[in-house]
Amino acid sequence: MTGMSKETKVDPLITKRLCEIVGDKNATDMKHVRYAYSYDLSFVKPKLPDYVVMPTEVEQIQEVMKFANEEKIPVIPYTAGTNIGGLCIPEQGGILLDLKRMNKIIRIDEESHYAILEPGVSHAQFASALAKYNLRWSWPVGPPSASTSSNAICHGIGGLSGRYGLNSEEITSMEVVLPTGELVRVGSCAIQEDAWHSCLPLPRVDGLFTGWLGTTGVITKIGLRVHPTPPILKVFTTSADTLGDMGAYLRNLGNYEICDDLTGVSWWLSQVPIPYPYKPKPEEAPEWISFATTFSWTEKEKEAREEIWKMVMDEEIKKGSSLKETVYPEEALKARTQLPSQIVGSTKNYTKQAGAGISWPGTFTPLNKWEPVYDEWKKILIDRNLSPAVRVTNYRGVHYGMLRAMIPFPKKEPASVENARQAIVDCLKVDLDNGGIPYKPPVDFGIEINKRAQQGYVELLKKIKLMLDPNDIMNTDKLAL
Amino acid sequence: MKWNIPSLEELEDVVWKCTACGNCKTTYNFGPPPTYGEICPSGVEFGFEGYMASKGKISFARGILDGQLEWTPEFVDAIYKCTVCGGCQNQCELDHKPFIPEIIEAMRRKAVEDGVGPMPTQKVIAQSMRSFNNPYQGPRRVRTDWTRPFKKAKQPIKNIMKEDAPILYYVGCTGAFNLPVRNLPVATASIFRKLGLDFGILGENEICCGSTAMRLGDVDEFKRVAETNMKIFKDLHDNHGVETIITSCAGCYRAIKKDYTLSENYEEYLGDIKIIHTTDFLYKYFKEDKLKFTKEVPWKVTYHDPCHTGRHLLEYSIDEDGSQQWKGSYLGKSEDNCLYDIPREMLKAIPGIEFNEMERIRNNSYCCGGGGGVMTGYGDWAAKNAGIRIQEGMDTGADQMVSICPFCHYNLNEGAKRIKSDMKLYDLVELIDMAL
Ligand SMILES: Cc1cc2nc3c(=O)[nH]c(=O)nc-3n(C[C@H](O)[C@H](O)[C@H](O)COP(=O)(O)OP(=O)(O)OC[C@H]3O[C@@H](n4cnc5c(N)ncnc54)[C@H](O)[C@@H]3O)c2cc1C
Ligand code: SF4
Ligand code: SF4
């Protein structure tokens, strides 16, 4: 494992005050407790928080924030720490605010199709509650035990993003504790306490708290739009020899906006697990394979979707594409269509062979840039003996294109961790230079983003951050500003 | 005897397989419909990630191995705040899965070896084991107190050392010494009698199976009693006609069936003896129509799967030589040894029984909270956790809960008292005895 940075100083008086706020059982500075929060799945170097606090009420969070602000102690919000970007690893020590005990589903409005959640509500918990109303959410391909609200505020993506876009676009309202301890609301609940149905048509201040990686406030309640579950699932699976052919098909089919999820994966990513170290794909195997998930209310609707899909296939094949209808490997398909999924949740399909580590260059990259970036990524990754386990996905029709390489590595070997880190950062640079933007970026990525960012944009971020967090205590240094 | 009980250092490679994904923190099944539940008693009670499931326990192991964590009284306490129930293990899919309880116990072995474990209240158990050969500080002669009704009825139970029999009923310390659980061996022996079986007990010569010592990391004590037992069992087989050892204790069953196999001499000593749990044993008679339920037991019941007769008996296949996936990879599991369907089938066959299932069952059963030395080390928490399980049972509409483990029996009844519930835990043999 990459070495732990030196211990920061723990002050028993601070622990005492935190215990007074949340109770003796819910605050500690004991090292064995802090240690479990010092690392995550990613290549990010482990660092210890100085205190861990588990609030159970909003007022406690307010008190913690007021105190931390006075004392200028960093605070890191945490729900499950599965973000794959070291986003909950404290850069400067401080208070790790573990929100898992605030896990109430406050409301599921089955008529207006939204829910109000506390931050500790997991995908698994939410999925089983929503199923009772035949409702669903755009579940990520990640651990079922991770938080739904954290996924939404981090611009998370899931199985319905092909249709509805990012999960942050589904936010209908929020309650937030500011770094200075004030409680604020945004969206309809700011106007009428009980109205959690929409952020619009008000000014979009929810943007002050989404994509900021926990650096602007602590979300204590969130309203999320949910969707009905049509009964008929039909998944179209295809293969192609090149990303050029696959990308053309995904763009063509994406135009019709009939899929909940429209994803292509390289041969390496379709394996359970991703081969580690790199192994060449068998000659005869197509390099790309895709699934297009559709849900319909009636057989006729399904047939209509099928008709469109067949039309697209014909068009592409006529153009000389290597596209073929194919059978997707069963376990891999389950892992992608039966969400939330215990298979991916336990990272079996990603890192079982490598052991302990995964990181990604995870990006939004315009669909027409997938191919050149992939070609470069492939070279970088294979050079470093890593599988180019790449995924491309259309979000909201063809509006966003996701391009991501999932890179497993053995955490036990520091040299292998560093090898993966360098490969991933190199991949990211290529993507940024092609107009891609990384999501849930670790600090290493933040540095590369900010290097390229327009100065006015960086200054604006700094001003906003200063306005909300005058003492820079919230997830300090995570934005690499 | 030679034992292959791994040290934490020997498990280092598997410790480094955990991604910290946290999948182990809850049970979840896609369904449809999807189901979800808490699975880790330690996480439910203590909350911080280190206490949460195998994710947390492995972080402790990692911390020890990479030199970041040194023993403090609080840290030692933390590694004992785990029922070693294996609920977390069932959720994980990576190569270290088969070793998860082993990792937890290896940390405890290290704590004992380093002179800091187990916890003071649990040290009493270790002391009791040394002085009394049981964890309850029970004098030898008390071991046979439960047999009094049989003596009184002039049908004493055979002392197998004196009179040969093909079946040894290995009672276990909890059934023999723990007053509220005493009806369990009574019911078991009563059923055996009704079936006309020729069986005997070790009586005052029975000693602990070593399960509790093993769960606490006291490997020397475990080995001492295990070796004695293996020798006794072999002698009973060679010289007293014993072919089968039956136990109604899930802990003893798991210890003899699984922990004893860590001895290189297992085959030599126990290879020719069938070791079976009472429930499994009775099932054969049930299927052959020899266990005839003639009386009604008009109860609404639910069933609690003990960890030790359930997921602890899952068999994991590992690619030992790398011929199927890669060396050491986890390939899959078999439920063949787990007692899931058998107790349910017999329970449902009892006339008058109305059976309601809880949500967390079988591999995803929620531990009663008593295992892993928690009942002795942290009695209050054990009972609190049992109260959660009892509440889950009550939520099904059942009036009583049935199980097949004396530990669960005791602890769940404590839990019921704590939440002032009228629900009681009965062992399946108690109901069977009533129905015969
Ligand atoms: C195998 C695997 C696959 C994954 N696949 C996907 C995927 O398909 N799509 C996807 O979107 N994600 C994916 N993820 C990432 C992650 O699992 C999800 O986004 C998850 O929902 C994040 O929740 P968490 O509880 O782990 O958040 P955490 O990691 O605990 O937090 C994420 C960020 O939010 C901040 N934060 C947490 N709570 C609050 C709060 N209340 N207020 C303010 N800030 C807060 C944290 O400081 C941190 O910066 C995957 C992860 C894994 C391990
Ligand atoms: S034990 Fe398994 S499920 Fe739990 S965190 Fe580790 S890898 Fe994930
Ligand atoms: S063995 Fe049971 S109590 Fe221990 S960490 Fe796993 S689930 Fe929790």
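Calculation rules
- Residues numbered from 1 in each chain as written.
- Chains lettered and ligands numbered in written order.
- Predicted model: local features only at pLDDT ≥ 70, side-chain atom pairs only at ≥ 80, totals over all residues.
- Heavy atoms only, no water.
- Helix = DSSP H or I, 4+ residues; strand = E, 2+ residues; numbered from the N terminus.
- Rg over C-alpha atoms; globule rule 2.2 N^0.38 Å.
- Contact = heavy atoms within 4.5 Å.
- Lys, Arg positive; Asp, Glu negative; His and termini not counted.
- Charge placed at Lys NZ, Arg CZ, Asp CG, Glu CD.
- Pairing = 2+ DSSP bridges.
- Axes fitted to C-alpha atoms, helices over the stretch in contact; angles between N-to-C directions.
- Domains from an automatic or database assignment.
- Buried area = accessible area lost by both parts, 1.4 Å probe.
- Salt bridge = Lys/Arg side-chain N within 4 Å of Asp/Glu carboxyl O.
- Polar contact = N/O pair within 3.5 Å; in protein donor to acceptor, adjacent residues only side chain to side chain.
- Nonpolar A, V, L, I, M, F, W, Y, C, P; charged D, E, K, R; others polar.
- Near = heavy atom within 4 Å.
- Areas by Shrake-Rupley, 256 points an atom, 1.4 Å probe, with all protein chains shown as cover.
- Buried < 20%, exposed > 50% of the residue type's maximum accessible area, 1.4 Å probe, protein only.
- Core = buried A, V, L, I, M, F, W, Y, C linked by side-chain atoms within 4.5 Å.
- Phe/Tyr/Trp six-rings, centres within 6.5 Å; stacked < 30°, edge-to-face > 60°.

Caption draft 1: Summary view of the overall build of chain B. Across its full length, chain B carries 19 helices and 13 strands. In terms of overall size, chain B behaves like a compact globule, its C-alpha atoms giving a radius of gyration of 21 Å where 436 residues would be expected to give roughly 22 Å. C-alpha atoms of chain B, sized along the principal axes, occupy 65 × 50 × 45 Å. Here the contacts in chain B between residues at least 6 apart in sequence split such that 77% fall between residues at least 24 apart. Both charge centroids of chain B, one from 53 positive and one from 60 negative side chains, sit 5 Å from each other.

Caption draft 2: Looking closely at the sheet that holds strand β5 (residues 105-109) of chain A. All names here are of chain A. Taken together, the five strands give an open sheet; going across it, the order is β5-β6-β10-β8-β9, and neighbouring strands pair in antiparallel fashion. Every interior strand has two partners, whereas the edge strands, β5 and β9 (183-187), have only one. Strand-to-strand, the axes of this sheet are offset by a mean angle of 10°, without reference to chain direction. Across the sheet, helix α4 (residues 123-131) lies against β5 and β6 (114-117), angled at about 35° from β5, the strand it touches most.

Caption draft 3: Fine view of the domain arrangement of chain B. Residues and elements named next belong to chain B. Taken domain by domain, chain B consists of domain 1 (1-117), domain 2 (123-287) and domain 3 (292-436). The interface is formed by 32 residues belonging to domain 2 together with 29 residues belonging to domain 3. Taken together, both faces of the contact between domain 2 and domain 3 bury some 2,700 Å²; the carbon and sulfur share is 72%. Our enumeration of links across domain 2 and domain 3 arrives at two salt bridges. A salt bridge links lysine 287 to glutamate 345; its shortest N-O distance comes to 2.8 Å. Between the two partners, domain 2 and domain 3, sit eight residue pairs in polar contact (both at pLDDT 80 or more). When residues of the side of domain 2 that touches domain 3 are traced back to their parent elements, those giving at least two are α8 (173-177), α9 (183-194), α10 (211-216), α12 (250-257) and α14 (278-287). Residues belonging to the side of domain 2 that touches domain 3 are distributed by class as follows: 14 nonpolar, 12 polar and six charged.

Caption draft 4: Here's a closer look at the site of ligand 1. All names here are of chain A. Neighbouring ligand 1 are 37 residues; Pro77, Thr79, Thr82, Asn83 and Lys440 lie closest to it. Within the backbone of alanine 80, an N or O atom sits 3.0 Å from an oxygen atom of ligand 1. Within the backbone of glycine 81, a nitrogen or oxygen atom sits 2.8 Å from an oxygen atom of ligand 1. When ligand 1 sits alone it has 970 Å² of accessible area, and the protein chains cover 99% of it. Secondary structure elements with two or more residues in the shell around ligand 1: β3 (75-78), α5 (148-153) and β10 (218-225). With three residues, α5 is the largest single contributor of residues to the shell around ligand 1. Among the residues making up the shell around ligand 1, the classes are represented as 22 nonpolar, 14 polar and one charged.

Caption draft 5: Spatial organisation of the pattern of salt bridges. All names here are of chain A. In the structure shown here, the tally under the stated rule is 63 salt bridges over all chains. The partner of glutamate 170 in a salt bridge is arginine 225, with the nearest N and O atoms 3.1 Å apart. Of the two residues, glutamate 170 is situated in the loop between α6 (161-164) and β8 (171-177) and arginine 225 in strand β10; the sequence distance between them amounts to 55 residues. Looking at glutamate 170, the relative accessible area reads 2%, which means it is buried. For arginine 225, a relative accessible area of 34% corresponds to the partly exposed category. Taken together, the salt bridges that share partners define one network made up of Lys16, Arg17, Glu20, Glu63 and Lys66.

Caption draft 6: Spotlight on the interface of chain B and chain A. Across the contact, 48 residues belong to chain B and 51 residues belong to chain A. Across the chain B to chain A interface the summed buried area is about 4,100 Å²; carbon plus sulfur atoms make up 60%. It is B:Trp16, B:Tyr28 and B:Phe48 that lose the most area in chain B upon contact with chain A, and together they represent 18% of the buried surface on that side. Along the contact surface separating chain B from chain A lie three salt bridges. In this structure, the salt-bridge partner of B:Asp95 is A:Lys352, at a minimum N-O distance of 2.4 Å. Counting every contact that joins chain B to chain A gives 18 residue pairs in polar contact (both at pLDDT 80 or more). Of all the secondary-structure elements, those providing two or more residues to the side of chain B that touches chain A are α1 (12-15), β1 (26-29), β2 (35-38), α2 (41-46), α3 (53-65), α4 (73-80) and β10 (329-334) of chain B. The element that contributes the greatest number of residues to the side of chain B that touches chain A is α3(B), accounting for five residues. When the residues that make up the side of chain B that touches chain A are grouped by side-chain class, the tally is 21 nonpolar, 15 polar and 12 charged.

Caption draft 7: Quick look at the nonpolar core. All names here are of chain B. One finds Phe233 and Leu291 to be the most contacted residues of the largest nonpolar core, which totals 143 residues. If one sorts the elements of this core by residue count, helix α11 (residues 219-240) sits on top with eight residues. Ignoring sequence-local partners within four residues, the contact set of leucine 291 consists of Ile191, Leu195, Leu282, Tyr285, Phe286, Met346, Ile432 and Leu436.

Caption draft 8: Structural context of the packing of aromatic side chains. Residues and elements named next belong to chain A. Scanning the model with the defined rule gives 32 aromatic pairs over all chains in all. Summarising the aromatic geometry, the rings of phenylalanine 43 and phenylalanine 445 are spaced 6.4 Å apart at their centres and angled 50° between planes, so their arrangement reads as tilted. With a gap of 402 residues between them, phenylalanine 43 in the loop between α2 (31-35) and β2 (51-53) and phenylalanine 445 in helix α15 (residues 443-452) connect regions that are remote in the sequence. Arranged with centres 5.6 Å apart and planes meeting at 75°, the rings of tryptophan 360 and tyrosine 439 form a pair that is edge-to-face. One end of the pair, tryptophan 360, is in the loop between β16 (356-359) and β17 (362-364); the other, tyrosine 439, is in the loop between β21 (437-438) and α15, and 79 residues separate them in sequence.

Caption draft 9: Region of the structure containing the domain arrangement of chain A. Residue and element names in this part refer to chain A. With domains assigned, chain A is organised as domain 1 (12-98), domain 2 (105-228) and domain 3 (232-439). Taking only C-alpha atoms into account, the centre of domain 1 sits 36 Å from that of domain 3. Listed by partner, the interface residues are six residues for domain 1 and 12 residues for domain 3. Area buried by domain 1 at its contact with domain 3 is led by Leu41, Phe43 and Ile84, which between them contribute 85% of it. Applying the counting rule to domain 1 against domain 3 returns zero salt bridges. Class assignment of the residues belonging to the side of domain 1 that touches domain 3 gives a composition of three nonpolar, two polar and one charged.

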